[in-house]
Amino acid sequence: MKKLLNVFALTLAIATILTGCGGKMRYPSYYTLNLPAPPDPPAKENVRTSIAVREFQAPGYLRQGPIVYRSTPEQIGFYEYHRWAADPRTLVTGAVIGHLRASGQYSMVSMYNGRPDNDFIFSGKLEKLEEVDHQAGVKVDVAMSAQITSVKTGAIVWSNAVSETRPVSQRNVTGVVSQMNRTMELAINELLSTVPPSLGSER
């Protein structure tokens, strides 16, 4: 009985402590990249080329959820209470699909489903999406690369890599995310700017 009372007292004490600290509990804030969708015009006449976009790859630390910062070139840190509401890879992939559709150069632009029923496959990698604190001031660093492969021949018909760094004027996490959004949009536009106007149908 004495042992049971001691367990009950300990449980009650823990519950009291947790209740007393309830007002001090901190919950995560969630953010997203607000990448505007470009217009989606119909494909140009006589266009018969289709392309599928694979989900972008990314280093493991960018897929964990927390927003990333670097205090030194070698040290990666995470904001414990500031997290992405959605995987940045998904957002970037969707934005690229939208841009390719808006170009009007393809009869169909879709998410890659593993089947060889397209003319080309677009593969990309999000290499950096982070706050940089070890340079003068606070900056945002975005880097990505991509390539287009012919399904018929397996040959890479286009590739490009871009890196954009921009200063952050509003030095808080909201300001950092806003600059990440603007810098990501610039990087996507730059990445896709060298895609040939027409890759030609391979079927």
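So, here is what we can say about the structure in this document. Note that the structure is predicted; figures quoted are calculated from it, not measured.

What follows deals with the side chain of S150. Residue position: S150 is located in strand β7 (residues 139-150). At 3.4 Å, the side chain of S150 forms a polar contact with the backbone nitrogen of K152.

Once that is clear, we can look at the side chain of E164. When you line up the elements, E164 lands in strand β8 (residues 156-167). The exposure class assigned to E164 is buried, which follows from its relative accessible area of 11%. In this structure the side chain of E164 is engaged in a polar contact, spanning 2.9 Å, whose partner is the side chain of R166.

Looking now at the packing of aromatic side chains. Taken as a whole, this structure holds 3 aromatic pairs when the rule is applied. For the pair F56 and F122, a centre-to-centre distance of 6.2 Å together with 35° between the ring planes defines the contact as tilted. Taken together, the residues span a long stretch of sequence, with F56 in the loop between β2 (50-53) and β3 (66-72) and F122 in strand β6 (residues 120-132) at a distance of 66 residues. In this structure, F56 and F122 share a single accessibility class: buried. Ring plane angle 50° and centroid distance 4.9 Å describe the contact between Y69 and Y79, whose orientation is recorded as tilted. With Y69 in strand β3 and Y79 in strand β4 (residues 75-84), this pair connects stretches of sequence that are 10 residues apart. Since its relative accessible area comes to 22%, Y79 is described here as partly exposed. Three or more aromatic residues joined by ring pairs make a cluster, and in this case those are F56, F122 and W158. Above the plane of the ring of Y112 lies R54, whose end atom (NZ or CZ) is 4.3 Å from the centre.

With that settled, consider the pairing of β6. Buried residues dominate β6, accounting for 10 of its 13 residues. Strand direction decides the pairing type here: β2 and β6, joined by 3 bridges, are parallel. Residue pairing in the sheet places V53 in a bridge with F122 of β6. Sheet topology places β6 next to β7; 12 bridges connect them, and they run antiparallel. Across the sheet, V132 pairs through a bridge with K139, a residue of β7. The antiparallel pairing of β6 with β7 creates a hairpin that spans 6 residues between the two strands, and G137 there sits at a positive phi of about 75°.

The subject of this paragraph is the packing of helix α2 (residues 88-102) against helix α3 (residues 173-192). Remark: α2 packs on α3, axes separated minimally by 11 Å, with the N-to-C direction vectors making an angle of 50°. Viewed along their axes, α2 and α3 adopt a mutual orientation that is oblique. Regarding α2 and α3, the two cross each other, and that crossing is right-handed. When α2 is examined against α3, the residues V92, A95, V96 and H99 are found in contact with a partner set consisting of M184, I188, N189 and L192.

About the cut-offs
- Residues numbered from 1 in each chain as written.
- Predicted model: local features only at pLDDT ≥ 70, side-chain atom pairs only at ≥ 80, totals over all residues.
- Heavy atoms only, no water.
- Helix = DSSP H or I, 4+ residues; strand = E, 2+ residues; numbered from the N terminus.
- Polar contact = N/O pair within 3.5 Å; in protein donor to acceptor, adjacent residues only side chain to side chain.
- Buried < 20%, exposed > 50% of the residue type's maximum accessible area, 1.4 Å probe, protein only.
- Phe/Tyr/Trp six-rings, centres within 6.5 Å; stacked < 30°, edge-to-face > 60°.
- Lys NZ or Arg CZ within 6 Å of the ring centre and 35° of its normal.
- Pairing = 2+ DSSP bridges.
- Axes fitted to C-alpha atoms, helices over the stretch in contact; angles between N-to-C directions.
- Parallel < 35°, antiparallel > 145°, perpendicular 65-115°, else oblique.
- Left-handed = near helix turned anticlockwise from the far one by under 90°.
- Contact = heavy atoms within 4.5 Å.

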